[in-house]
Structures are given as structure tokens and as C-alpha cells.
Amino acid sequence: MRLTQLALAIVAACGLLGGVWFSIRTEPAEARDTVRSPETAREEPGRSETLEAQAGDAALEKGSGSERTLLSGSAAIENAAANAPRAASDSEVVGRIVDRDGRGVPNADVYASNGNDWVSIPLDVERDGAPRNWIEIERATTDASGRFAIDGLKPGAVRLAVRASGFAPRAVEDGLVPDELPRVLPDVVLEPGVVLSGRVVDSAGSGVRGAVLLGAFDGTASGDGTASGQRIALPGRGVPLATTGASGEFRIDRLGAGPWHLIVDSPDHLVADARGETRSAGEEVSGLVLRVEGGAEIEGRIQWSSANAPAGVDSMRVTARLSPETPAGGGGSSAESLRGLGYAGADAASNGALLDPIRSRPRHATPDASGRIQLRGLIAGMRYRLTAAQRSPDTGYWKTIAAFEPVLAFAGERGVTLAERPSTSLVLRVVDDATGAPLSELTVAAGVGRERLVREDDGEARVSFPDGRVRVPELRAQPGAKPIHLRVSSGGYRDFERRDIAFTPGVDIDLGDVRLAREHALVVTVVDDHTGTPIEDARVLVGTLEPNELADYLASPAESNFHGAPNLRFGRTTADGRVRLSSYPGLSVNLGADARGYRASDLRSELLPVDADHALELRLMRGGLVSVHVRDPSGRPIAKMGIAHLAPETAPSDEPSGPGFDAAEYTNSLGIARFDALAPGMHSFRVCDGPASATQSGAGPWVPVTIADRSSAEVTLTAPARARFFGAVTEGGVTLARARMRLVERREEGTEGEDEEDVALDAVTDREGKFEFENVRAAQYELWIAHSTRRMAERFSITLLEGDNNDDFDLGVACVEGRVLDEAGEPVARVDVSAGVPGEDTDRAQLYDMEMREDDRGNVRLDSKPTVTPAVPTDDQGRYHLRGVRSGESIVVNVRGETVEATSSSPVALGSGEVRRGVDFVVRRAGALELSLVGDSPAGSREWFEVRVESLEPAATKIDRRTHLGTFIRLQKVRALGPGRYRVRCFPMGNEGSPRLQTQEIVIAAGEVAKVVFQAR
């Protein structure tokens, strides 16, 4: 798989995630406060009980730099068992936070979350920093002996983040919560940190009280405490570290040595940031002065439709986010604003890219009792989108108030009003039609023109309505005077539906008692197939769906719920294993059930009676358990090794989309992967060595094992010789933290099924510039090293042998400088200048970082962006500076821009650390070509046309550009065309010789747009 395809796959995945998040108002996740420190006097588990709980490799040595939990041989395992408290309940996970001498660290904040997603949101990010419904974060604080206990974690992969005064932050990305009780985690070891102290002052030098200082999560500083290969940047977000005192004083003692990046957020000032670096643990930096500027204001008020604002207005806030809809020149220049305030990098703003965190961090204001708001610390002349939100009294989350239409306003405006749109609440009480008794176990869906489930603040469907009382608020008029739709469901009752509830905006509707008529019920009992005991919390699905559709529902995670799904009854069993659902009288249905730790039942078809209740039983098998152990040729366990799995009666395939091609599970820190709830029969397993996109040529042989229900088996697989690759990266002899690294295996040309090289593994250097690749196949590689401050990635050829491989890499700081002028000698501003190696596949050299940021509507967007931004824009004088370009081989410097004709330099070879000045360019000002398609194609509305634009000038300026037109894209622009004559041809896609070919010749002039119209004939 080429890296281009990999990048596209990542972007596609990000787009899908962005689409999901767009539909969710992204109120941030919050660490739960319902955990407690464990009692110190608990029964201590024995060694045999805790061995499986160890998340670290026993062979790891203290201080290795691995992100695993640190252990040191069997003594560490015994020590963890002796010191860890016993879990008090099945849901409780316990552990200890210790210093390097094994002493407990009191008052440490511990954050935990199940799973090891392909991208890791920092667990200790501020409350507003993580999108709600993406991740559930549990929190605890250690007691005097460094012990903690956390509820809500499931067995399996777990991530931890730890912050404590006097220590560097620590993140454990591949911890393991054991299945067996007690659920004890190994000790997490903290290293000494650094201390930063100083003052936050305003432009007059006066101290600023109440400013919050946060450690930025930008992927380059030491704030996140982790060295995993794939991190995510959260521009403008961070972990709260300190709040300034009365004189603006602060002290920060929860950072590690290395680069630091602080965000300074004072409600009355522009957001500011500061960067620096510490050299070693224990260092104290004092006397820091961080300056914040006043900025502009937006003044206005909240206007409720009722006479008085409701109680709890103090729990409201108005948020201002920078809007991309600022008209060009309409409200001032962001660059001028920043320059006037003394912000470095203001030239970047003149190119349309405001600096982070100024651009990314929202500003908030709380209305007073009269509804008046003052939003301060805004960039003068810029437009902001204002939204209102209210804090949930149950969860503390901020939830957008849909009653208030967002308002666009420029910084400096007065009299801005956020007016409540009139809304209607629907009120009803649900009762049994026969007895009049209230029904409290319900699902309710209501909306204007369509139904939407009534949900809790956490996004889950609300299923409990005490005394049967239901209130559906914030129903608003839609175009076309659409009525309110209502559907009420309860197990054993016929659904109540109305689609004709007319309403007047602002006037509540009380439907009184909604009476549900009893429906014949379907009572499903779910039991253990072996013992016959009832299974609690089993998921039961019954519906008129096709079997394959029902199977898709059952293939989802066991905790997923499906209240309100069309053509489907859904419920969970109680302690007696039963669930009562409304029947489908006289219809044939499909049904199935599953539960955690069990195999899903076989799908069953059932004809339900017309005039009677119906009861049936579903039996769930535990299935078999297989523990797959992976060892290297020397017998050492291998972590993070992919294991492919073939189910019974499944034939192996070497096709990329065939069964057994991809890894189904990965080994944990002990080299073990668990496969549970397996169907009886013969299963086969093998290692998937190398990248996930590699062909089967890199995989081991299949190893079969036959299992029965409720049986367990072990399989041992041997992987090819493994290498450990570690060292440090410096730049000009100085530690380079957060450098991205990628190993690309060099394989013989013509290897069957190989699409050139494939990515093997990524890593990132830690605060001290150290890196480590674990359990890599011993082979030849290309190593790419990239950093956000450099304009090109460096490439090294290496050979990794079995065992330890230690190497350090020093990157030279070669630079190229020059100017870009036009033919009249005038400087050309805001065109891109980059450097590259002729003929090099830049896709393979490109590393990508993940970035999560909010748009102006508060919706979270997840994007991938290159670690290295190869191009820099020229300034107002046409100057450019390319830092960190390749040395030791020839490079070319390229100039690209929409307003100039592209050009490149002659090859340039630089020495390590050389600064080459005077690489200047004279470029021609360019024009553009507007292409349009009119009419209807005789071949159908989905036909596409290819358009080729070819220069008719001498070969020295030869240009051949291509684009496409079609029914859905009828207008395209081709920019950066040098002055001269061009031939433009339009023909059906892939048929250049078609008789429908259309040709026109045009002349492009500098600074002008020529237009060509083609017929879709």
C-alpha cells in the first residue's frame, strides 16, 4: 500500500469522524468525580493473582523510556502485588503512583479510559477540550500512600495519565486491566519535574489576577507527558496548571524537562502564549513575565421571549469563536491588529492564518441578572460567531441552547442581541389505558416534522420518566408550518403515535394523560446454555428486519443500545434474565440476543400469535477461550504483535480483502492476545508481521486448535527475529523533542504482492530527544525524521539486526534564503516557496499528525495534517526563509502561487548547518482561466468531461494542466497560467478521440481571468 493511499485512508476516516461529530453538539467530556481513594488496610493479593495484571514487560528496565508501566523483573511483580490494594468490587481497578524510589506519591491526579484508539486524546485535557461522547474519562486522586481506586473501567486495554506536584506528567498508553479479580495495575513511576514561576502582567505592567495557565497540547512541547507514535494536537487547548494570584503571580510544578508551551487565558485579555525550554529534571525557572493585551470587546445582551430571564441565568454563558466569514477588508486587518499588539508572527496572520491559540481558543462571558454580556479579549476588526449555552445541573456539561440563534458580530460592536426564538414545550403523562396507573419505563420520540428520541444529557436515550410525566422542551416552528410528531413506546404496550399536533410558537401544549393500550407481549428469557442460569443485561433484538440487518446490529459493541430503531424492538434483561417487549401480532419476526462474555445467539425466526402473549427462551454459549502467546526465536514475549484469526470452516486467503489477512487482535505487554467467546470447532491463528497493509508473505504459518464450548486453550506462535531500535535525535547538537520518526522497510523489487515499500512503524522523540521502536522485524529500513519546525524530512538508511540496535541522529540546520520579485522588480508577497529532492516520492517521506479543533459553531473537526509544512509564504518584501532543508544532496527550490507562474531553481547542494542566501527568483505575473459547462449531456446526467489546457508558447514555458467538468461541477478555475496563448480541449472522460471533442484557443493576460464555455453535448 503506497503512502498516498494510506494518507487518503486517514483523511477519509477523519472525514467520517468529522461527519459524526458534526451531528453532535460537542459539549466536552468530563472526568468523573464519583471515584475515591481506596482504604489502605485491604487484604493483599498473592503473586499468582497479580501476575496476569502486569501491563509491563518484565524484561523492561527502569528508565527505558518506554510508555509501558515500568517494571523490573520478577521482584517488581512481587512488589506490585504486595503494595497494591485489593479491588473492593468487580468494577473497581486499583493501583499506586510512586516515585523512582518506590515511595507513594500523594494527591496525584489519575485519569483513566478504556481502549487504545488509533488516535489518543489526552486524558487530562481541560473540561472543554475533549468532545463529549467520544471518550469516557474516569478520575481519582491518590491517598497518602499513593494508592488510588477507579470505578467504571472494563477488563482489557486501558490508558492512564498522571499529574502530580513536583513530577513530570506521565501517560501509559498500553496498560491492561486484567479479567481476573483483583483488578490491580502495576505501579506507575513518576520522574522528577521542573518548576516555572513568574507573573502575568497587562500592557501597563500591572499584575493580572485570575488568569489560567495551561500546558498546550500542540504535539511539540512537553505538556502531554507521552512518547507514543501517534498523538493528536489540540490547538488552543491544554491541561490547567495554575491560576494567577492577586499580583499576577504563578507557580507551575507539573511539567517535565524539555520544551514547554503555556497558554495564558485571562477573561479580560487576548489569549497569549509563551514558550521556553528546560534542560534537566529538578530545574527551576523563575522571574518569567508573561504579558497579555487588552484586545477588543463585543457588548450586548441575552433577550428572552418571556418577561423575565429564568432562574439559573448565572449558569449560562455566551461563547465567541472566530468566524471564517469575515469579509475581506470589511472589518480591519488581523495582521495589523496583531502587529499593533506586538505579537510575533503577525505576518502569518496576513496570509490568512491567525496564530494558535489566539485563533482557536474561544472566549466566554456570563450574563448578569439583566442579561447583559461583555465579551473581552477579542481581536480588533475580526468577526465572531456568538452562541449561548447552559450548564446541565446533573452532569456539569455545557449544552448549546438551541433557543438562541447564533449571531455574527465584529469585535468592537455594541448592542448585539442574542434573542430567544419562541419555543413550545410538549407536556404529557403516560398511563396504562386499563388501570390508569402511570408508566415510567418508556421511550419518547418527538419533534417538529420528524421524531427525535428524548435523551439524557450524556446523549443516551432517556428510558425512565418518574410517575409517567414527560416534558419535551424547545420545539420550534419550521418552514411549512409542520406539526409536532410524537411517539411513545413501552414494553408490552401498543405504540402511541400522533403526527398532527399543531402548535403556536411560545405556547406550551399539555396533552394531559396519554393512555397506552396493552399489546400482546413477547417475553424473552436469556439463559446460559450450559448451566441454564439467567443472564442479566443481555441485549435482545426483535424485529421485522432481514436476518443480515439484525446480524449487523448484534455485531456492534455489547454496550450499544438501539432504542427507537425502526422496525425493531430492543431491550435488556433484568436479574431474572427476562425482558418484556411489545409483540408484532401475526407477523413473522427475526430475533437474537447477546451479552458480554457470551457468543451471540443464532438468529431465530418466529411467527408471533395474533391474539396472545408469547414467551420464548434464547440460550447463549460462553464459547471457547484461546490465549495466543507470541515469542521471538529466543523465547522472549513480543508485545503489539498482530494476530490473524480464521474461524471454523473459513478458508485462508492471500487477497488483501480476504479472511485472515488483517490482524484481529494484538498482543499485550506480556506477548498475549486473548480470543474469547469463540464458536466450537477448529480455529487457526498466525502472526501478522510487518505493517497492517503488508501482504501474507510477511505472515507466519497457520496454527490450528480445536476448542469446545467453555473450554480454554493456549497457542504459542513464533515470530521472525526481532529488533529493538533506540537512540536520540538532536538538531545541531541540541535535543529535538517531539520529532516524528518513521521506519519504512526496504524490500526487494518485484516481491510478489508488494506495492513498493510499506510503513513499518512510527515513533516520536520524548522530552530528551530519545526514541524507541520495539519488536521490529530485523531487516533493512529507511528512517525518516520530521519536525514541525523543519521544512524537509531527513532520510537515513539503516539495518536492524536481531536484539538491541542503538543509534543517534543529529540533524543539521541547513537553510535557504532569498527573495521573489516580478519582472518589474517589485516584490511578490504571499506566494509559497518550498524545497524538494528531484524525483523523490514525497508521499513516502510525508508524516502526518492528527489535529482536533472546534469550528466557529462549536463542532469538533478531526483532521490530518503533514508534520512538515514544506512551503513558507513570502513576506511583504518578497522575502522567504526555508529552515531545516536537506543537506548532503541536491535540492531544488520551488515557487508556487495563484498569481504567478510556477518556477524552480537549479539544483542546490548545502552542507550541514549551511545558510545559503541570495537564492532569488524573478517570476511572471499570471492570469487565470474560468471553465464552465452548460446544457445537458446526451449520455446522462452523471457523465464527466476532461479538460486539458496546453500552452502554445515555446517549450521553455510549456504547460499541460488538466481538470474535470460535469453535472455536479459545472465551473472550474485554472490558476497560475503565465501570459500567452493556450489551447483548451474538452472531451468525454477517457475518450480523447471522441467526435464530441471541443477545442478553443485563448490568450491569457497577467492579472486577468479568461473565460471558456463548453457545451455538454
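Quick note: structure is the one above.
Residues numbered from 1 in each chain as written. Predicted model: local features only at pLDDT ≥ 70, side-chain atom pairs only at ≥ 80, totals over all residues. Heavy atoms only, no water.

Student: Outline the overall build of the protein, supporting the account with residue identities and numerical values.
Tutor: Helix and strand content of the protein: seven helices and 70 strands. By residue count, 51% of the 1017 residues in the protein fall in the buried class. Within the protein, contacts between residues at least 6 apart in sequence are counted, and of these 72% link residues at least 24 apart. Within the structure as shown, the protein displays about 44400 Å² of accessible surface, and the carbon and sulfur contribution to it stands at 48%. (Helix = DSSP H or I, 4+ residues; strand = E, 2+ residues; numbered from the N terminus. Buried < 20%, exposed > 50% of the residue type's maximum accessible area, 1.4 Å probe, protein only. Contact = heavy atoms within 4.5 Å. Areas by Shrake-Rupley, 256 points an atom, 1.4 Å probe, with all protein chains shown as cover.)

Student: Before we move on, could you go through the pattern of salt bridges and cite the residues and values that matter?
Tutor: Counted by the stated rule, this structure contains 70 salt bridges. Across the pair aspartate 529 and arginine 619 runs a salt bridge, and its minimum N-O distance is 3.1 Å. Of this pair, aspartate 529 sits in the loop between β30 (521–528) and β31 (539–543) while arginine 619 sits in strand β36 (residues 614–620); the two residues are 90 residues apart in sequence, bridging distant segments of the chain. The partly exposed category is assigned to aspartate 529, whose relative accessible area is 32%. In this structure, the salt-bridge partner of glutamate 731 is arginine 883, at a minimum N-O distance of 2.6 Å. Here glutamate 731 is found in strand β44 (residues 722–731), whereas its partner arginine 883 is found in strand β58 (residues 879–885), with 152 residues between them in sequence. Residue class for glutamate 731 comes out buried when judged on its relative accessible area of 11%. Via salt bridges that share partners, Glu126, Arg237, Asp265, Arg321, Arg361, Arg363 and Glu854 belong to a single interconnected network. (Salt bridge = Lys/Arg side-chain N within 4 Å of Asp/Glu carboxyl O.)

Student: Quick one: what's the story with unusual backbone geometry, residue by residue and with numbers?
Tutor: Phi is positive for alanine 677, which is not a glycine, with a value near 55°. Under the relative-accessibility criterion, alanine 677 is labelled buried at 17%. Of note in the backbone geometry, arginine 710 takes a positive phi value of approximately 65° without being a glycine. In this structure, arginine 710 sits in the loop between β42 (703–707) and β43 (712–718).

Student: Which residues make up the sheet that holds β36, and what values do they have?
Tutor: Taken in spatial order, the three strands line up as β33-β30-β36 in an open sheet, and their pairing is mixed. Here the strands that pair on one side only, and so sit at the sheet edges, are β33 (578–582) and β36. Shown here is a sheet whose adjacent strand axes are inclined to one another by a mean of 25°, direction ignored. Bridging between β30 and β33 involves five bridges; their strand directions are antiparallel. When the bridges of β33 are listed, valine 523 appears paired with arginine 580. (Pairing = 2+ DSSP bridges. Axes fitted to C-alpha atoms, helices over the stretch in contact; angles between N-to-C directions.)

Student: How would you summarise the packing of aromatic side chains if you had to cite specific residues and measurements?
Tutor: Tallying each qualifying case throughout the model produces ten aromatic pairs. Here phenylalanine 796 and phenylalanine 809 contribute two aromatic rings whose centre-to-centre distance is 4.9 Å and whose plane-to-plane angle is 55°, an arrangement assigned as tilted. One end of the pair, phenylalanine 796, is in strand β50 (residues 794–799); the other, phenylalanine 809, is in strand β52 (residues 809–811), and 13 residues separate them in sequence. Residue classification places phenylalanine 796 among the partly exposed residues on the basis of a relative accessible area of 23%. Relative accessible area serves as the criterion here: at 5%, phenylalanine 809 is assigned to the buried category. With centroids separated by 6.5 Å and ring planes inclined at 50°, the aromatic side chains of tyrosine 880 and phenylalanine 921 adopt a geometry described as tilted. Here phenylalanine 921 lies in strand β63 (residues 921–923) and tyrosine 880 lies in strand β58, a separation of 41 residues in the sequence. Each member of the pair tyrosine 880 and phenylalanine 921 is classed as buried. Members of the aromatic cluster, connected to one another through ring pairs, are Phe725, Phe771, Phe773, Phe796 and Phe809. When the ring centre of tyrosine 584 is taken as origin, the NZ or CZ atom of arginine 569, which lies over that ring, is 4.5 Å away. (Phe/Tyr/Trp six-rings, centres within 6.5 Å; stacked < 30°, edge-to-face > 60°. Lys NZ or Arg CZ within 6 Å of the ring centre and 35° of its normal.)

Student: Give a detailed account of the nonpolar core, specifying residues and quantitative values.
Tutor: Core analysis: the largest hydrophobic core is formed by 38 residues, its most contacted members being Leu196, Val200, Ile252, Leu255, Leu262 and Leu290. Top element by residues in this core is strand β10 (residues 232–243). It accounts for five residues. Each residue touching isoleucine 252, except ones within four places of it in the same chain, is listed here: Val194, Val195, Leu196, Leu213, Leu241, Ala242 and Leu262. Ile302, Leu386, Ala403 and Ala411 belong to the second-largest nonpolar core, a separate cluster that totals 27 residues. (Core = buried A, V, L, I, M, F, W, Y, C linked by side-chain atoms within 4.5 Å.)

Student: An account of the sheet that holds strand β29 (residues 509–516) is needed here, citing residue identities and associated values.
Tutor: On the basis of which strands lie adjacent, the open sheet formed by three strands has the order β26-β23-β29 and mixed pairing. Edge positions in the sheet fall to β26 (469–475) and β29, since each has one partner strand and no second. Within this sheet the neighbouring strands show an average axis-to-axis angle of 20°, counted without direction. Where strand β23 (residues 424–432) meets β29, six bridges bridge the pair, whose relative direction is parallel. Paired with arginine 429 across the strands is aspartate 513, a residue of β29.

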